[in-house]
Structures are given as C-alpha cells and as structure tokens.
Amino acid sequence: MNIKFKTPFATAVAIGVGVIVLAGYFIPGLISLRFLFLRAGLVLAAVALIVGILNLFAVHIRKMAQNDDNSGYSLILVFALIATLLIGFFDMFQSYMFGQPNFQTISWLFTYIQLPIETSLMAVMAISLTYAATRFLRRNLHTYAVIFFFIVLMVLIGTLSIFSQEVPFLTQIRQWIVQVPALGGARGLLLGIALGTIATGLRILIGTDRPYGG
Amino acid sequence: MTVTGFTGIVIIFLFLGSMFFFTLTRDQEKERNLRQIPAFRRIKEVIGLTVEEGSQLHVSLGRGGFTSLQSASALAGLSILQEIIKASSVCDSPPVATTGNATISFLAQDIIQGTSEAISTEGHERSSVGELVGLTPFSYAVGTLTTIRENQVSANILAGWYGNEITWLTTAGERQSSPTIAGTAQLPAQAIMYASASEPLIGEEIFTAGAYLGKKPMHVSSVNTQDIFRWILVVLMILGIVLKYLGMHDIFQSILMGVS
C-alpha cells in the first residue's frame, strides 16, 4: 500500500486548496467553496479509514505469521475484527430487509464489551498516573520536581474529602492553585501553542513543510 | 468583512512577511544560538545510538486527525518523522510509525517511502512501516504498547495529539529502558509527559522540530517570528490590563466581538 504522489502536483494542489480554505474564513464570498473542500476532505478521510483498517488487518496477519510472543494478540484482533464486521453486516441486512430495530447486536457489543473494557482501562489509568508521579520524584530529584510533586499532592488532598470532611484551608489553597497559577500557566502555554500552530500552518501553505511525498 | 476577519488577515500577513524577512536576512550566527531544548538534543543522541546498534526508532504520531483542531499536532509529528528519517538514513531499519488516525497513517507511510527515496537509500530494506494501531484513545494506546515492547525498538518519540492515555506509553518506554521523548499540544497530556517522559517537549516546542533537527532557514525564521509575536502579545496583554484599569477596555472588546 505504497502511494507515490507526484510531489510538485501534490504541492500545488495542497497550497491552492489551503489558501482557498484559509481565505474562506475571512472573505464571506469564499465560504461555500471552503465548505465544498472541507466536505471533500471528510469524504477522503472516510475512505482513508477503510483503507487504514485493511492495513491494520494486513499488518496483524503478517504478525500472526511471525509466531512470536505477541502473535496471539494479533490473532484475537483479527478474529474480533472479522466477527464485528460480520455482525455489522448481519445487523445491516436485518435492518434494511426485515425492518428490525436498527443495529441492535452491534449496540450490544459496544455497551457490554467495549464500554466495560474501556472503563476498566480508565480505572487502571488512575494507578498509572500515581505511579508516574512517584517515579518522577525518584528519577529527577530537583527543585521543580519537588514543587511539582507537592503541588500535585496538595491539589489531590484539597479535592478529596478526608473522612467525609473537607479541610477548609486545603480546599482554599487548591482553589487558588487551580484558578490563579495553573490557569495563568495554561493560558500562557495555549498562546505559545497558537503561535506554533499558525507557524506550522503557514509553512505548509507556502510549501516549506510537505507532509506528503517526502 | 468583520473586524475580527480583518485582524486575522493582518496577523497572518504580518506573520508570513516576518518569516520571509527573517529568511532573507538570516544570520547563521543567530541560528546557532537558538535556545537549547534538551529533548531535541536527546533525539539526535538516540538517532546516533540507533545507527550504531542497528536498532529501530519508534515514532508515535498520536490519534489526531486532519479535519479537527488536533491537526497541528499531527502535522508537527509528521515533520519530526521526516527529520528523523533524514537523520537516520544510514540506519539499517527505518523508523516504525504508529498512529490512531487513518489519514495520518497514510501520510506517515508516504513520508517514510518518499523521504527514503529522496535521500537515495534504496539500497536499504525500507518497507514503509506506518501502522494504524487503534481508532479509540485506549485501543490506540494498547496497540502502541506492543510496538514499544518490541525488542528491536531502542527509543520512542511521541509527537502528536494524545490524552491522558499517554501515561501508559511513557511508562512502557521507561520499563523497557528505552528513552521516551514526548510532545503534544494538549495541556493535560503535557502535564503527564512532564512527569513521566525521559525528555518532554513543553508548549510550542513540538512545532520547532524543523529548526532544531533540520536547521531549515524557514523553520528558524518561524521560530524567530513566534518569539516576536509572543512579545507583542505580552505587550498587548499589559496594555489591556492598563486600559481596563483606566476603564477604556471597550476598544479591545469590540475587536474580539467582531463588531464591524
């Protein structure tokens, strides 16, 4: 699945479409053209999704053939992919041919398999984050690390209630940390990110950065 | 056209003009004096190590797509991937790229193939390894863990859009004793990276890879332009505070509300 773009042509198309879409944000006359290109982009992204899933399938078939420690996981993935696809087709067939309620089996799969798995992963994440915070202090014992760790600790204690009682002093400190230094810092970072985003977008528009064709 | 639209166009043209100005009047001495970012120094180190060991780099491009606000992070990740391929052209194995977005996986494959061809490394075995590993945040993270744990991967570079699930990727890298350099534009993920990655890219640092890894003139100019605009924003914010204190802040509010 190796696609070769003709670089100059691809660059010209990318720059042209990019300029029109950008201008569409500021010039009302170009709004319809902007939406046309954006809709075309969405359709292309959907096609890319189908091809991407085929790529995922091919990669895991290849991994299964390697017969290493992880090939069992690839087998499960391929099996789940085919089963979900078949159930989806079966649901679609039932819905359109016999007027059954829409996509009941697929909904069941998501509600009783995917959702509980993702919820348990979310719970594991809380442990992972705590582990990361403690590892951070062990790995980098410098001033910023100590400040970082104690602020995390203070905000956590201020958020959790101990023995069903809130500690008023800690709650106030937590509110101050969240509303003043944390909010200010986050806004500062966001301004920097916005400037970085503008720079990246403009470099792509003028063809200096070309995330296609190498 | 609204005042907001006009202001937007003016800012974009000023930004672009400034980038061209700095490129044309560039001073190579100043380029060498760019602020040190430890994460980029570490990336160069791990590329060198990978070439020596004959191992493989893993570049994770996150799960951000092209049709959303997450696109800038994804594009920055692709830019980092491109620079890494150029820098590791003599390496036996090309980097493996993982992503949670189909469009980005296409572009990653195309970059690996295209850049390898452009720098004439056809002699090497260069199959394009740009994998779509999962479409939801958790499936992407779990799928990427398998790649991180592969024996051949000696370092991980995470550059793209992530949520809190990034903690698994950074922790897995640490457990494998492979350095993990991570950058994203999402703030909660940045906080996690700061605590758990070997070297984090904070704030807009993720967007400056071209200037630090490739030393491209336009990239260095865009870093200079960002610095200038940052100071302009600082001055405007202080001015806004003073005007508000004096009760004359309506002028800024009119601009922000888009009143023509």
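Worth saying up front: this structure is predicted, and the values here are computed from it rather than measured.

Quick word on the interface of chain B and chain A
So, point 1. Counting residues at the interface gives 54 residues for chain B, matched by 51 residues for chain A.
So, point 2. Those elements that provide at least two residues to the side of chain B that touches chain A are helix H1 (3–24), helix H4 (71–87), helix H5 (102–118), strand S3 (130–132), helix H6 (137–148), helix H7 (166–175), helix H8 (187–196) and helix H10 (217–245) of chain B.
So, point 3. Considered class by class, the residues forming the side of chain B that touches chain A number 26 nonpolar, 22 polar and six charged.

Some words on the pairing of strand S1 (residues 56–62) of chain B
All names here are of chain B.
So, point 1. With seven of seven residues buried, S1 lies mostly within the body of the structure.
So, point 2. Here S1 runs beside strand S4 (residues 153–161); their pairing, made up of six bridges, is parallel. Within the sheet, the bridge partner assigned to Val59 lies in S4 and is Ile157.
So, point 3. Both S1 and strand S2 (residues 96–99) contribute to a ladder of three bridges, which runs parallel. Of the residues in S2, the one forming a bridge with Val59 is Ala97.
So, point 4. Between the parallel elements S1 and S2, the chain passes through H4 in a crossover that is right-handed.

Quick notes on the domain arrangement of chain B
Residues and elements named next belong to chain B.
So, point 1. Assigned domains of chain B: these are domain 1 (29–215) and domain 2 (217–260).
So, point 2. Across the boundary between the two partners, domain 1 contributes eight residues, which contact four residues of domain 2.
So, point 3. When residues of the side of domain 1 that touches domain 2 are assigned to their parent elements, the largest contribution, three residues, is made by helix H9 (residues 209–214).
So, point 4. By residue class, the composition of the side of domain 1 that touches domain 2 is two nonpolar, three polar and three charged.

Describing the environment of B:Thr147
All names here are of chain B.
So, point 1. As for its placement among the helices and strands, Thr147 is situated in helix H6.
So, point 2. Sequence separation of Thr147 and Ile206 is 59 residues, and the distance between their C-alpha atoms is 22 Å.
So, point 3. In this structure, Thr147 is in contact with His58, Val96, Thr98 and Val153, ignoring residues within four places of it in sequence.

A closer look at the packing of H6(B) against H7(B)
Residue and element names in this part refer to chain B.
So, point 1. Two elements in contact, H6 and H7, have axes whose closest approach is 9 Å; the angle formed by their N-to-C orientations is 15°. Our classification of the angle between H6 and H7 gives roughly parallel. By crossing handedness, the relation of H6 to H7 is classed as right-handed. Together, Ala141, Thr144, Leu145 and Ile148 of H6 and Trp168, Leu169, Ala172 and Gly173 of H7 make up the contact between the two elements.

Rules and cut-offs
- Residues numbered from 1 in each chain as written.
- Chains lettered and ligands numbered in written order.
- Predicted model: local features only at pLDDT ≥ 70, side-chain atom pairs only at ≥ 80, totals over all residues.
- Contact = placed C-beta atoms within 7 Å.
- Helix = DSSP H or I, 4+ residues; strand = E, 2+ residues; numbered from the N terminus.
- Nonpolar A, V, L, I, M, F, W, Y, C, P; charged D, E, K, R; others polar.
- Buried ≥ 20, exposed ≤ 12 C-beta atoms within 10 Å, placed from the backbone.
- Pairing = 2+ DSSP bridges.
- Right-handed = clockwise from strand over helix to strand, strands pointing away.
- Domains from an automatic or database assignment.
- Axes fitted to C-alpha atoms, helices over the stretch in contact; angles between N-to-C directions.
- Parallel < 35°, antiparallel > 145°, perpendicular 65-115°, else oblique.
- Left-handed = near helix turned anticlockwise from the far one by under 90°.

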